[in-house]
Amino acid sequence: MLKGKRILLGIAGGIAAYKAAMLARLLVRAGADVRVAMTEAATRLVTPVTFQALSNQPVWSDLWDQRVPDAMGHIELSRDRELIVVAPASADFMAKVAHGLADDLLSTLCVARRCPLMLAPAMNVEMWENAATQRNLGVLRDDGVLIEGPVAGDQACGETGYGRMLEPAQIAAGIEAFFAPKRLAGKRVLVTAGPTEEPIDPVRVLTNASSGKMGYAVARAAQEAGAEVTLVSGPVSLATPAGVARIDVRTAQEMFEAVKKRAPSSDVFISVAAVADYKAKNPSTQKIKKANGRPVTLELEENPDILAYVAGMKNGPFCVGFAAESEKLDQHAKEKRATKNLPLLAANLVQDALGADTNSIVLYDDRGEHPLGTGAKLELARKLVEHVAGMLPQKK
Ligand code: CTP
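Calculation notes
Residues numbered from 1 in each chain as written. Predicted model: local features only at pLDDT ≥ 70, side-chain atom pairs only at ≥ 80, totals over all residues. Heavy atoms only, no water. Pairing = 2+ DSSP bridges. Helix = DSSP H or I, 4+ residues; strand = E, 2+ residues; numbered from the N terminus. Axes fitted to C-alpha atoms, helices over the stretch in contact; angles between N-to-C directions. Contact = heavy atoms within 4.5 Å. Expected span 1.5 Å × (residues − 1). Buried < 20%, exposed > 50% of the residue type's maximum accessible area, 1.4 Å probe, protein only. Near = heavy atom within 4 Å. Polar contact = N/O pair within 3.5 Å; in protein donor to acceptor, adjacent residues only side chain to side chain. Areas by Shrake-Rupley, 256 points an atom, 1.4 Å probe, with all protein chains shown as cover. 1 Å grid on protein atoms, 1.4 Å probe; cavity = no way out; pocket = protein on both sides within 12 Å on 5 of 7 lines; lining within 4 Å. Sits in = over half its atoms within 2 Å of the grid points. Points joined across faces, edges and corners; volume = space filled by probe spheres on them. Nonpolar A, V, L, I, M, F, W, Y, C, P; charged D, E, K, R; others polar. Domains from an automatic or database assignment. Core = buried A, V, L, I, M, F, W, Y, C linked by side-chain atoms within 4.5 Å. Salt bridge = Lys/Arg side-chain N within 4 Å of Asp/Glu carboxyl O. Buried area = accessible area lost by both parts, 1.4 Å probe. Patch = residues over 30% accessible without salt bridge, like charges linked within 9 Å, V, L, I, M, F, W, Y side chains within 5 Å.

**Q** Give me the sheet that holds strand β13 (residues 245–248): which residues, what numbers.
**A** Strand order in the open sheet formed by eight strands is β13-β12-β9-β14-β17-β18-β19-β20, and the pairing between neighbours is mixed. Each edge of the open sheet carries a strand with a single partner, namely β13 and β20 (368–376). When the angles between neighbouring strand axes are averaged without regard to direction, this sheet yields 20 degrees. Of the pairings in the sheet, the one linking strand β9 (residues 188–193) to strand β12 (residues 228–233) comprises six bridges and is parallel in character. From the neighbouring strand, Thr192 faces β12, where its bridge partner is Val232. Helix α13 (residues 329–340) contacts β17 (318–325), β18 (344–349), β19 (358–365) and β20 of the sheet and is inclined by roughly 150 degrees relative to β18.

**Q** Give a description of helix α15 (residues 377–391) that names residues and reports values.
**A** Its 15 residues give α15 an end-to-end C-alpha distance of 21 Å, which sits within 8% of 21 Å, the value for a rise of 1.5 Å per residue. Of the positions making up α15, those classed as buried are Lys377, Leu378, Leu380, Ala381, Arg382, Leu384, Val385, His387, Val388 and Ala389.

**Q** How would you summarise the site of the ligand if you had to cite specific residues and measurements?
**A** Every one of the 14 residues lining the ligand counts as a neighbour, but Ser271, Ala273, Leu307, Lys336 and Lys340 are closest to it. Asp277 has a polar side-chain atom sitting 2.9 Å from an oxygen atom of the ligand. Ile306 places a main-chain nitrogen or oxygen 3.1 Å from a nitrogen atom of the ligand. In the complex, 75% of the free accessible area of the ligand, which totals 560 Å², lies under the protein chains. One can see that the ligand is located within the second largest pocket.

**Q** Before we move on, could you go through the layout of surface pockets and cite the residues and values that matter?
**A** Size it by volume and the largest pocket reaches roughly 1,400 Å³. Contributing to the lining of the largest pocket are 45 residues, with Arg141, Ile147, Gly149, Arg220 and Leu378 lying nearest its centre. Sorting the residues of the lining of the largest pocket by element identifies α7 (125–129), α8 (131–142), β6 (146–147), α9 (168–179), α10 (213–224) and α15 as the ones contributing at least two each. At six residues, the largest contribution of residues to the lining of the largest pocket is made by α10. Across the lining of the largest pocket, the residue classes break down as 21 nonpolar, twelve polar and twelve charged. Counting residues domain by domain, the lining of the largest pocket receives three or more from each of domain 1 (6–179) and domain 2 (188–391). Its boundaries defined by the atoms lining it, the second largest pocket holds a volume of some 880 Å³. By residue class, the composition of the lining of the second largest pocket is 17 nonpolar, eleven polar and seven charged.

**Q** I'd like a rundown of the side chain of Ser360, residues and numbers included.
**A** Relative to the assigned elements, Ser360 resides in strand β19. Within the structure, the side chain of Ser360 is placed 2.6 Å from the side chain of Thr374, a separation counted as a polar contact. Ignoring any residue separated from it by four or fewer positions in sequence, one finds Ser360 in contact with Ala347, Asn348, Asp352, Gly373, Thr374 and Leu380.

**Q** Can you break down the nonpolar core residue by residue, with the values?
**A** When a protein is soluble and globular, its nonpolar side chains tend to lie buried together. In terms of nonpolar packing, the biggest core is built from 36 residues, with Leu184, Val189, Val191, Val218, Ile270, Phe322 and Leu384 touching the most fellow members. Among the elements of the structure, β9, α10, β12, β14 (268–271), β17, β18, β19 and α15 are those that each provide at least two residues to this core. For Val191, the contacting residues outside a window of four places in its chain are Gly215, Val218, Ala219, Val229, Thr230, Leu231, Val232, Ile270 and Val272. Counting residues in hydrophobic clusters, the runner-up holds 32 residues, among them Ile7, Ala17, Ala24 and Ala120.

**Q** Can you explain the pattern of salt bridges? Please cite residues and give values.
**A** For the structure shown, the criterion picks out 25 salt bridges. Across the pair Asp104 and Lys96 runs a salt bridge, and its minimum N-O distance is 3.6 Å. Judged by its relative accessible area of 15%, Asp104 falls in the buried class. We note a salt bridge from Lys213 to Asp357, for which the minimum N-O separation is 3.1 Å. Taken together, the residues span a long stretch of sequence, with Lys213 in helix α10 and Asp357 in the loop between α14 (350–353) and β19 at a distance of 144 residues. A cluster of three or more residues bridged by salt bridges with shared partners is formed by Asp33, Arg35, Asp80 and Arg81.

**Q** Describe the domain arrangement of the chain, and please don't skip the residues or the numbers.
**A** A common measure of how large an interface is: the accessible area buried when the components associate. Split by domain assignment, the chain resolves into domain 1 (6–179) and domain 2 (188–391). Using C-alpha coordinates to define each centre, domain 1 is positioned 35 Å away from domain 2. Of the residues lining the interface, nine residues belong to domain 1; the matching set on domain 2 comes to ten residues. Surface buried jointly by domain 1 and domain 2 totals about 700 Å² across both partners, of which 43% is contributed by carbon and sulfur atoms. Contact with domain 2 buries surface across domain 1, with Arg141, Gln170 and Ala177 losing the most and accounting together for 45% of the total. Our count for the domain 1 to domain 2 interface comes out at one salt bridge. Ionic pairing is found between Glu148 and Arg220, a salt bridge with its closest N-O pair at 2.5 Å. Applying the counting rule to domain 1 against domain 2 returns three residue pairs in polar contact (both at pLDDT 80 or more).

**Q** An account of a nonpolar patch on the surface is needed here, citing residue identities and associated values.
**A** Residues Ile15, Tyr18 and Leu45 make up a contiguous nonpolar surface patch of roughly 320 Å² in combined accessible area. Among the structural elements, Ile15 can be located in the loop between β1 (6–11) and α1 (17–29).

**Q** If you had to explain α9 to someone new, which residues and values would you point to?
**A** The terminal C-alpha atoms of α9 lie 17 Å apart, and with twelve residues this matches the ideal 16 Å at 1.5 Å per residue to within 8%. Three or more residues of α9 are buried, namely Pro168, Ile171, Ala172, Gly174, Ile175, Ala177 and Phe179. Of the surrounding secondary structure, the elements contacted by the buried residues of α9 are β1, α1, β4 (83–89), β5 (117–121), α10 and α15.

Here you go:
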């Protein structure tokens, strides 16, 4: 997939710079034409010679480098590139790009670029959570910059939390997805994600424990595959994947309305949301008071089954269901696929999936079962999308 792809690998000053050596190696081994540009800080952490040896090319770090014949290095070095990947991207580097600053070679190459830019952030958890970094992240996303990671985990500084750079193989997978043939080009994909919230009274709700991460990963993977993606999302605290149109809903009924409106013009419907099966029959308009020791009864009524409705539509989209089970995965998955009449169902155990960045998925279709294995939700989402693309009718 990466054979001959012209990539500029940028390395900013973060301790994860040592992992960039492995990334360079992976890209070169996959056949990519890799040029490396480092910030001055990065050269203090890993020597340029390492990258020169790995990329078989001179390494650039100085805006005033006299090796570039016309002294236009800041433009020339990225001109023929198809993608710039900065890994690690430090908090400082993200701030620079977000504000269009160009005070060294790498930031100048980013500002002068014609090709897309991908950043793999890496920093201490406090730096990642800092309001300015989060603000910059929002600006970068709005500018169409592709963001890979970070993930939560142990950090070099001894702390634990978000800010850890993705592993080199995961960044390489993101780069591959960028260059992959757009197998869903021209397709409209509708995805539901997250939980729904059913009010009991003005302050209380019935909901499902769902972070929305799997659904958001599916939306992103479908977008990467070239689809026009609409994401109908319950209340979650996740950023909208770049290039995806998001519609926020709260209740199952609202999700149903949003889906009903868009399903007829969609080619694929992927139902990842953890829809609340029940809602309060008569939600109170005022806050319900404590019953002083007496038992309280809440009458519930069933919500519409959104997926079953879409799967039953005449000329409806190709439907993919998710089954989150706590036991007997195989049996429940097969039953659910049959009852809802689905061509494809993705099954996972809640113990593996809830709130985590990783998951384990098995696909079920007419041909049988297809274990996707265990991995990052985004990796699994990419495999799912690939499988879906393979099942869609091919144009003659
Ligand atoms: N689903 C839906 N609307 C509902 C309930 C579920 O669209 N009201 C979809 C989910 O998005 C998922 C699939 O149906 O793709 C299976 O959801 P799940 O909650 O696992 O199954 P249920 O049909 O609710 O069955 P049960 O709760 O008995 O396991």
